[in-house]
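What follows is each chain in one-letter form.
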Amino acid sequence: MIHKEQYARVKQLASAPSTPEKIYTIKTGENAGMKRKDSAKPERVGLLPVSEKTIWTWVKQGKFPQPIKMSENFTVWRMSEVQAWIDA
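Residues numbered from 1 in each chain as written. Predicted model: local features only at pLDDT ≥ 70, side-chain atom pairs only at ≥ 80, totals over all residues. Heavy atoms only, no water.

Q: Which parts of the structure should I look at to understand the packing of aromatic side chains?
A: The geometry of an aromatic ring pair is captured by two quantities: the separation of the ring centres and the angle between the planes. The final tally for this structure, using the stated rule, is 5 aromatic pairs. Ring geometry for Phe-64 versus Trp-77: centroids 6.1 Å apart, planes at 65°, classification edge-to-face. Of this pair, Phe-64 sits in the loop between helix H2 (52-61) and strand E4 (68-71) while Trp-77 sits in strand E5 (residues 74-78), placing them 13 residues apart in sequence. Aromatic pair Phe-64 and Trp-85: ring centres 4.7 Å apart, planes at 75°, arrangement edge-to-face. Taken together, the positions of Phe-64 in the loop between H2 and E4 and Trp-85 in helix H3 (residues 79-87) put the pair 21 residues apart, joining distant regions of the chain. On the basis of relative accessible area, Phe-64 is assigned to the buried category, the value being 4%. Here the aromatic residues Trp-56, Trp-58, Phe-64, Trp-77 and Trp-85 are joined through ring pairs into a cluster of three or more. (Phe/Tyr/Trp six-rings, centres within 6.5 Å; stacked < 30°, edge-to-face > 60°. Helix = DSSP H or I, 4+ residues; strand = E, 2+ residues; numbered from the N terminus. Buried < 20%, exposed > 50% of the residue type's maximum accessible area, 1.4 Å probe, protein only.)

Here is the structure:
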(Lines give C-alpha, C1' and ligand atoms only; values in the text may rest on other atoms or scores of the structure.)
Protein backbone atom coordinates (compact mmCIF):
# COMPACT_ATOMS: atom_id res chain seq x y z
CA MET A 1 0.00 0.00 0.00
CA ILE A 2 1.33 3.43 -0.97
CA HIS A 3 0.97 6.12 1.69
CA LYS A 4 0.40 9.53 0.13
CA GLU A 5 1.70 12.48 2.17
CA GLN A 6 -0.93 15.06 3.14
CA TYR A 7 -0.19 18.80 3.06
CA ALA A 8 -1.91 21.89 4.50
CA ARG A 9 -1.71 25.59 3.70
CA VAL A 10 -1.59 28.20 6.46
CA LYS A 11 -5.29 29.04 5.92
CA GLN A 12 -6.17 25.44 6.83
CA LEU A 13 -4.03 25.58 9.97
CA ALA A 14 -4.97 29.02 11.32
CA SER A 15 -8.28 30.29 12.66
CA ALA A 16 -9.69 33.77 12.05
CA PRO A 17 -12.74 35.70 13.26
CA SER A 18 -15.41 36.85 10.85
CA THR A 19 -15.08 40.39 9.49
CA PRO A 20 -17.84 42.66 8.20
CA GLU A 21 -17.82 44.32 4.79
CA LYS A 22 -15.82 47.57 4.86
CA ILE A 23 -15.82 50.50 2.45
CA TYR A 24 -12.77 52.75 2.38
CA THR A 25 -12.10 56.08 0.68
CA ILE A 26 -8.64 56.17 -0.86
CA LYS A 27 -6.86 59.26 0.50
CA THR A 28 -3.72 59.65 -1.62
CA GLY A 29 -2.31 58.89 -5.04
CA GLU A 30 -3.97 58.88 -8.44
CA ASN A 31 -7.02 57.06 -7.04
CA ALA A 32 -7.62 59.59 -4.23
CA GLY A 33 -11.30 60.02 -3.48
CA MET A 34 -12.30 56.68 -4.99
CA LYS A 35 -14.02 54.03 -2.87
CA ARG A 36 -12.66 50.55 -2.22
CA LYS A 37 -14.74 47.71 -0.82
CA ASP A 38 -13.39 44.82 1.23
CA SER A 39 -15.87 41.96 1.22
CA ALA A 40 -17.14 40.40 4.43
CA LYS A 41 -15.30 37.23 5.45
CA PRO A 42 -16.85 34.36 7.39
CA GLU A 43 -15.23 32.92 10.48
CA ARG A 44 -12.55 30.38 9.66
CA VAL A 45 -11.86 27.56 12.08
CA GLY A 46 -8.51 26.00 11.31
CA LEU A 47 -6.68 23.11 12.88
CA LEU A 48 -5.06 25.46 15.43
CA PRO A 49 -6.76 28.17 17.53
CA VAL A 50 -4.20 30.82 16.47
CA SER A 51 -3.82 33.37 13.66
CA GLU A 52 -1.68 33.07 10.54
CA LYS A 53 0.66 35.69 12.00
CA THR A 54 1.21 33.55 15.11
CA ILE A 55 2.06 30.50 12.97
CA TRP A 56 4.62 32.48 10.95
CA THR A 57 6.10 33.92 14.16
CA TRP A 58 6.47 30.40 15.58
CA VAL A 59 8.14 29.25 12.33
CA LYS A 60 10.69 32.09 12.57
CA GLN A 61 11.33 31.25 16.24
CA GLY A 62 11.78 27.55 15.47
CA LYS A 63 8.72 26.60 17.58
CA PHE A 64 6.66 25.21 14.66
CA PRO A 65 7.62 22.86 11.79
CA GLN A 66 9.28 24.52 8.81
CA PRO A 67 7.04 24.89 5.74
CA ILE A 68 7.81 23.68 2.24
CA LYS A 69 7.87 26.39 -0.42
CA MET A 70 6.29 24.86 -3.53
CA SER A 71 6.48 28.10 -5.54
CA GLU A 72 6.75 31.83 -4.87
CA ASN A 73 3.16 32.08 -3.61
CA PHE A 74 2.44 28.53 -2.50
CA THR A 75 3.72 27.28 0.86
CA VAL A 76 2.56 24.11 2.65
CA TRP A 77 3.28 22.04 5.74
CA ARG A 78 3.45 18.25 5.94
CA MET A 79 0.43 17.20 7.99
CA SER A 80 2.48 14.41 9.59
CA GLU A 81 4.90 17.03 10.99
CA VAL A 82 2.06 19.30 12.16
CA GLN A 83 0.28 16.37 13.85
CA ALA A 84 3.51 15.29 15.55
CA TRP A 85 3.97 18.89 16.77
CA ILE A 86 0.39 18.94 18.14
CA ASP A 87 0.90 15.57 19.86
CA ALA A 88 4.21 16.67 21.47
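Q: What's the story with the pairing of E5 in this structure? I'm lost.
A: Where a strand is regular, its side chains alternate between the two sheet faces. Across 2 bridges, strand E1 (residues 7-8) lies against E5 in antiparallel orientation. Bridged to Ala-8 within E5 is Trp-77. Bridging between E4 and E5 involves 3 bridges; their strand directions are antiparallel. Within the sheet, the bridge partner assigned to Ser-71 lies in E5 and is Phe-74. Two successive antiparallel strands, E4 and E5, enclose a turn made up of 2 residues. (Pairing = 2+ DSSP bridges.)

Q: Just to check I follow, could you spell out the nonpolar core for this structure?
A: Among the nonpolar cores identified, the biggest contains 11 residues, and these are Ala-8, Val-10, Leu-13, Ala-14, Leu-48, Val-50, Ile-55, Val-59, Phe-64, Trp-77 and Val-82. Only helix H1 (10-13) and H2 provide two or more residues apiece to this core. Those residues within four positions of Leu-48 in sequence are excluded, and the remaining contacts are Leu-13, Ala-14, Ser-15, Ile-55, Phe-64, Trp-85 and Ile-86. (Core = buried A, V, L, I, M, F, W, Y, C linked by side-chain atoms within 4.5 Å. Contact = heavy atoms within 4.5 Å.)

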